[in-house]
Structures are given as C-alpha cells and as structure tokens.
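Letter by letter, the chains look like this.
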Protein chains: 2
Amino acid sequence: MFVTNASVRLGPMHNRRERPAKPALTRDGIVGAALAVMRAEGMDKVTMRRLAKELDTGPASLYVYVKDTEELHAAMLDELLGEVDLDPGDSSDWRERLRQVITSYQRVLHDNPSLARVALVTRLSGPHYLAVVEAVLGQLAEGGMPKAQAGWAVDMLLLVATASAVEHGTQQENPSAAAANHSQLERVVAEAPADTYPNIAAHSRELMGGPAGNRARWMFDVLISGALGTPIP
Amino acid sequence: MFVTNASVRLGPMHNRRERPAKPALTRDGIVGAALAVMRAEGMDKVTMRRLAKELDTGPASLYVYVKDTEELHAAMLDELLGEVDLDPGDSSDWRERLRQVITSYQRVLHDNPSLARVALVTRLSGPHYLAVVEAVLGQLAEGGMPKAQAGWAVDMLLLVATASAVEHGTQQENPSAAAANHSQLERVVAEAPADTYPNIAAHSRELMGGPAGNRARWMFDVLISGALGTPIP
DNA sequence: ACCTGAACACCGTTCAAGT
DNA sequence: ACCTGAACACCGTTCAAGT
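This text gives an overview of the structure that appears in the document.

How each quantity is defined
- Residues numbered from 1 in each chain as written.
- Chains lettered and ligands numbered in written order.
- Predicted model: local features only at pLDDT ≥ 70, side-chain atom pairs only at ≥ 80, totals over all residues.
- Heavy atoms only, no water.
- Helix = DSSP H or I, 4+ residues; strand = E, 2+ residues; numbered from the N terminus.
- Contact = heavy atoms within 4.5 Å.
- Areas by Shrake-Rupley, 256 points an atom, 1.4 Å probe, with all protein chains shown as cover.
- Expected span 1.5 Å × (residues − 1).
- Buried < 20%, exposed > 50% of the residue type's maximum accessible area, 1.4 Å probe, protein only.
- Least-squares fit on C-alpha atoms with pLDDT ≥ 70 in both.
- Salt bridge = Lys/Arg side-chain N within 4 Å of Asp/Glu carboxyl O.
- Buried area = accessible area lost by both parts, 1.4 Å probe.
- Near = heavy atom within 4 Å.
- Polar contact = N/O pair within 3.5 Å; in protein donor to acceptor, adjacent residues only side chain to side chain.
- Nonpolar A, V, L, I, M, F, W, Y, C, P; charged D, E, K, R; others polar.
- Phe/Tyr/Trp six-rings, centres within 6.5 Å; stacked < 30°, edge-to-face > 60°.
- Axes fitted to C-alpha atoms, helices over the stretch in contact; angles between N-to-C directions.
- Parallel < 35°, antiparallel > 145°, perpendicular 65-115°, else oblique.
- Left-handed = near helix turned anticlockwise from the far one by under 90°.

### Concerning the overall build of chain A
Stage number 1. Assigned secondary structure in chain A consists of 13 helices and zero strands.
Stage number 2. Seen in sequence order, chain A has helices and strands lined up from the N terminus as α-α-α-α-α-α-α-α-α-α-α-α-α.
Stage number 3. A separation of at least 24 residues holds for 69% of the contacts in chain A among residues at least 6 apart in sequence.
Stage number 4. Of the accessible surface of chain A, which amounts to about 12,100 Å², a share of 52% is contributed by carbon and sulfur atoms.

Here you go:
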C-alpha cells in the first residue's frame, strides 16, 4: 500500500522510456513517412510493408488510414504539390504570370519524376492539386479566355507540363538506363531507313528535342494561343 | 537390328504426340501470349511467371528473349499499334486526313487502356510506333507545317491523344471504381467552396468534360492551329 | 470500435548448374 | 552456347482474433 511504485508515478508512458516514443499512427504520418522513404531511397522502396516497418507496426494497420497503394501515391503527390509556388509574380503580362505558375508546377514534378508518373495515370482531387487548378484558371480568366475554353485548356496545360516532367525526370533518375534508351531512340530515328520512314528521316534533327527550355516555352505558347483562337464547337 | 521402332520412324517428335505440341519459345510467341492473357484476363495477370506457365516453361527462360517487364510491355504495345489504320483517307483537307489517323490511334489505345498507360510512361521506339509518327509527320508536311514545328507538334499530338485514351479507357475498364472516382471529383469540383476556389466554382460546368467527341476535336484543333501559328523561338 | 498477427496468393530477377 | 530449377528477396491485401 505504501510501496513507492515508479511505474505509477510515471503513468502510462513509463514503459515507453527506453524505445524512442512510437508516434500515433495517422494518415499524415503515413504520407510523411512515405515521402521520406521516397526521397531517401526512391519510389520503389515505398511499399506498404516497408512503411509499416518504418512506423513500427504491421502492414494491415496502414489500411485503416489509406484505401490502397494507389490512394497512398495520390496523397503523396498532393502533399508534394503544396510546394508549388502559386504566386503569379507581378509581370504585367498575364501569360508571363501563368507561365510562372506552370513552370513552378513543372519544377516540383521534375524533381520527383516517379511521383509525376502518378499524376499522369491517376485522377487527382487533393486540395493542393485543386489549388494549382484554381491558380491556372485565375490567370486564364484574367487573360480573358472564355470559360468554356479555359475549362478544357487547364487540362491540356497540366497534362503537357506533367508529361515533360516525367520525360526529363526519368532521365536524371536513372541516368545510365535513360542514356541507353535515349541513344537507342536516337539511333532508331537517326538510322530510320529513308525509304521506310522518309518523313522521320527528313525531320530527324527536329525530332531530337532541342533545348528543353525552348521546347517548354513553345509548347506553352501553342496551347495558349491555340486555345484562345479555337472556339468551342 | 530388324526391330521396327516407331519412335525412330516418327523422329524426334515421337514423344510430343500426347501433349499439345509445345511451340518453340520466341520473342514473338511471348508477346503474343502476353496479349492473349491481357485480352482474356486483364493486364495485371500479365506477369513473367504467369506467362511462363502459359508457355510451359520457367520464368527464367523468358529473360532470354525480353530484358525485363518494361520491355515486354513496350513490345506488347508496339504489336498492338500495328492495328492503327494509317491510311489517311481521301479527304481534300489535310487536317481531316490527319484527324483520321489520330482518331484511329486513339481508338486502339482506348480499347486497351492499361497498355495506353505504357505509352504515357515509356519511351517507345518499335516499328509500329515509328509508322504512326511517320504518318503524322507526313500529314503535317502536306499541310505545310515547317519542320521545326512539326517535329515538336507530333509529340504533343500523340501525347494528348494517348492521355485522353487513358482517361476514358480507365473508366470502362473498371466501371464501378471509375464511377466512384468520377463522382468524387465531380463532388469536389461541384462543392468546391466558392471562397477557397472561386475560379473552380465559376468554371465547374466547363471542367466536367462535356461530350468526349467535341472535346477531342477541340484539342486537336488547338494543337494544329497553335503549332502553325507559333514560330520556334 | 479499433487494431494487427499471420496467412494467402502471388511477384521480378538472378545464377549456378545442367544439356 | 543455350536454357532453366531453384532460390532470393520481396510484394498487396484480407480477415479472424485479439484488446
């Protein structure tokens, strides 16, 4: 009765003293751990089992907070999109302001190519993605693009930006394989037998990319001026 | 010495009589089996192990003919692209002829959405893909598009066509999940709090797609007229 | 109600050892 | 030289049983 019991004084935490406190499992905690693993070791190490180990639990527990792997990937991507700089800057040209936003979006994906692939394949609806859409629509509206065009143009703009990020990103992610792939395509295009593929042969120089900045700028301009100039059927 | 030996008369095939003859393993045979499994049971059953079983061998044997799973997927897709109708038809308008080709490309991918995803993520260089590029370049050249623009435009055209195929295809592939996804995005967009996402709220009707045909046509026109009107920097 | 151990049903890829 | 059995090192997801 008068026994001084350390564990009573310390309360329910007494047996957490030795091990680093195991943080309570939350959806955000899981997504955070997933991003950490991705940055440290690449997307292919981001698995339910590995994450469970990281969070000191069993894989089944994660399913209380995320529906499946696809949903986890989408959540990771949305989290990352929080880094996009949506401040359009103070250029007096709305195209320039819009380009600023798109470029920031592109940079974030470019630095995380394996997540960029998620954006290509999954339909997103997280708050940060919506914020990007909101910002793009805002600039299009300021530029006076009719709503019907703007609604479809935002899709194309983000699609093209995402695809370029994937394309370039994959290269730096796995430089040797990409180099091999690239020179393979390069070889194929360069050696395209002029009798089978005359047009490819005639365009071989133009097909091989050119400065990435120029190309991105050109694509952006194509979409904007095309969308402005093409009425809805 | 005078023994009549059936197996000698039948030659090396004598012991193949009972089981259906196991065809020699070839790259084409593997790709063909992969497409058959995909059509019958979906892309996620197309695995090295399953294919090996199908071909009556061990998984290791497949690696003699394909480098890895990604290469197999690319080979399947290229095979499929052989179905694209590259005959541009006889319209007097080159845009119409080009649209014909793009539409056929789109239809083939649309019917095979899980392979369409491959086109979005992998750099292709198979003969049938090159034939598509060749046909598109041919029409752009007939339309008088300068080579520099055409080289970049073909990328955008195929990218946008591929992405739409993925988007629509995924819906019909897994109708219930897609319906859930769709109404989720629909709900998010429709309920987008007008104070947080005023532009999304203002564009909600326009963002929700509209008739697929109209949209595809509009996107095509945007790209063509945008590319024609935007000189290379 | 919330959480999880253990199991189910698989994977891709490599390589030593066979023919 | 060509082929492959067997192993290595993993997966996602479910569900009965615990607390």
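### Digging into helix α8 (residues 127–142) of chain A
All names here are of chain A.
Stage number 1. Helix length check: α8, at 16 residues, gives a terminal C-alpha distance of 22 Å against a target of 22 Å (1.5 Å per residue), a fit within 8%.
Stage number 2. With twelve of its 16 residues buried, α8 lies for the most part within the structure.
Stage number 3. Of all the positions in α8, only Tyr129, Leu130, Ala131, Val132, Val133, Glu134, Ala135, Val136, Leu137, Gly138, Gln139 and Leu140 are classed as buried.
Stage number 4. Just downstream of α8 lies Gly144, where phi reads positive at about 85 degrees.

### Considering the relation of the copies chain B and chain A
What connects the two chain copies is a rotation about an axis and a shift along it.
Stage number 1. Superposing chain B onto chain A requires a rotation of 180 degrees together with a translation of 0.0 Å along the rotation axis, leaving an RMSD of 0.0 Å. The symmetry that links the two subunits is that of a two-fold axis. For chain B, the smallest separation between a C-alpha atom and the rotation axis is recorded for B:Gly226, amounting to 2.0 Å.
Stage number 2. By residue overlap, the copies meet face to face through one surface: 100% of the interface positions of chain B are interface positions in chain A.

### Regarding the pattern of salt bridges
Stage number 1. In total, this model carries 22 salt bridges over all chains according to the counting rule given.
Stage number 2. Salt-bridge contacts for B:Glu41 lead to B:Arg50; the nearest nitrogen and oxygen are separated by 2.8 Å.
Stage number 3. The salt bridge involving B:Lys67 is made with B:Asp68; its shortest N-O contact spans 2.9 Å.
Stage number 4. Connected through salt bridges with shared partners, the residues A:Glu96, A:Arg99, A:Arg217 and A:Asp221 form a single ionic network.

### Description of the interface of chain B and chain A
Stage number 1. With 55 residues of chain B at the interface, the matching set in chain A holds 55 residues.
Stage number 2. For the pair chain B and chain A, the summed buried surface comes to about 5,200 Å²; carbon and sulfur atoms form 71% of the total.
Stage number 3. Where chain B touches chain A, the interface holds four salt bridges.
Stage number 4. Among the salt bridges present, the one from B:Arg123 reaches A:Glu167, with a minimum N-O distance of 3.2 Å.

### Comments concerning the protein's contact with DNA strand C
Stage number 1. Surrounding DNA strand C, one finds 14 residues, the nearest of these being A:Ala60, A:Ser61, B:Thr47, B:Arg49 and B:Tyr63.
Stage number 2. For DNA strand C, the fraction of atoms within 4 Å of the protein that belong to sugar or phosphate moieties is 52%.
Stage number 3. At 3.4 Å, a side-chain N or O of A:Thr57 approaches a phosphate oxygen of DNA strand C.
Stage number 4. Between DNA strand C and A:Ser61, the relevant distance is 2.6 Å, taken from a phosphate oxygen to a side-chain nitrogen or oxygen of the residue.

### Quick look at the protein's contact with DNA strand D
Stage number 1. If you check the shell around DNA strand D, you find 14 residues, and the closest are A:Thr47, A:Arg49, A:Tyr63, B:Ala60 and B:Ser61.
Stage number 2. For DNA strand D, the fraction of protein-proximal atoms (within 4 Å) that sit in sugar or phosphate groups is 51%.
Stage number 3. Take A:Arg49: an N or O atom from its side chain is 2.5 Å from a base oxygen of DNA strand D.
Stage number 4. Contacts to DNA strand D include A:Thr69, whose side-chain N or O atom sits 3.1 Å from a phosphate oxygen.
Stage number 5. Among the secondary structure elements, those contributing two or more residues to the surface near DNA strand D are α3 (48–54) and α4 (59–62) of chain A together with α4 (59–62) of chain B.
Stage number 6. Grouping the amino acids of the surface near DNA strand D by side-chain chemistry returns seven nonpolar, four polar and three charged.

### A short note on the packing of aromatic side chains
The relative placement of two aromatic rings is captured by the distance of their centres and the angle of their planes.
Stage number 1. This model, assessed by the stated rule, comprises two aromatic pairs over all chains.
Stage number 2. Here the aromatic rings of A:Trp152 and B:Trp218 are separated by 5.6 Å at their centres, their planes lie at 65 degrees, and the arrangement is edge-to-face. One end of the pair, A:Trp152, is in helix α9 (residues 147–173); the other, B:Trp218, is in helix α13 (residues 212–229), on a second chain.
Stage number 3. A relative accessible area of 1% means that B:Trp218 is categorised as buried.

### Points about the side chain of B:Gln139
Stage number 1. By the secondary structure assignment, B:Gln139 is in helix α8 (residues 127–142).
Stage number 2. Not counting chain neighbours up to four residues away, the residues in contact with B:Gln139 comprise B:Pro88, B:Trp94, B:Arg97 and B:Leu98.

### Description of unusual backbone geometry
All names here are of chain A.
Stage number 1. One non-glycine residue, Asp56, lies in positive phi territory at about 60 degrees.
Stage number 2. Looking at the element boundaries, Asp56 is found in the loop between α3 and α4.
Stage number 3. Here Asp56 falls in the partly exposed class, since its relative accessible area comes to 47%.

### Comments concerning the packing of helix α6 (residues 94–110) of chain A against helix α13 (residues 212–229) of chain A
Residues and elements named next belong to chain A.
Stage number 1. Direction vectors running N to C along α6 and α13 enclose 125 degrees, while the axes themselves pass 12 Å from each other. In terms of axis orientation, α6 runs oblique to α13. In the crossing of α6 with α13, the sense of the turn from one axis to the other is right-handed. Two secondary-structure elements touch here, α6 through Trp94, Arg95, Glu96, Leu98, Arg99 and Ile102 and α13 through Arg217, Phe220, Asp221, Ile224, Ser225 and Leu228.
Stage number 2. In the contact of α6 with α13, the residues fall into six nonpolar, one polar and five charged.

### Quick notes on the side chain of B:Thr230
Stage number 1. Structurally, B:Thr230 is set in the segment after α13.
Stage number 2. A relative accessible area of 7% places B:Thr230 in the buried class.
Stage number 3. Separated by 2.7 Å, the side chain of B:Thr230 and the backbone oxygen of B:Gly226 make a polar contact.
Stage number 4. Setting aside anything within four residues of it in sequence, one finds B:Thr230 in contact with A:Trp218, A:Asp221, A:Val222, A:Ser225 and B:Gln149.

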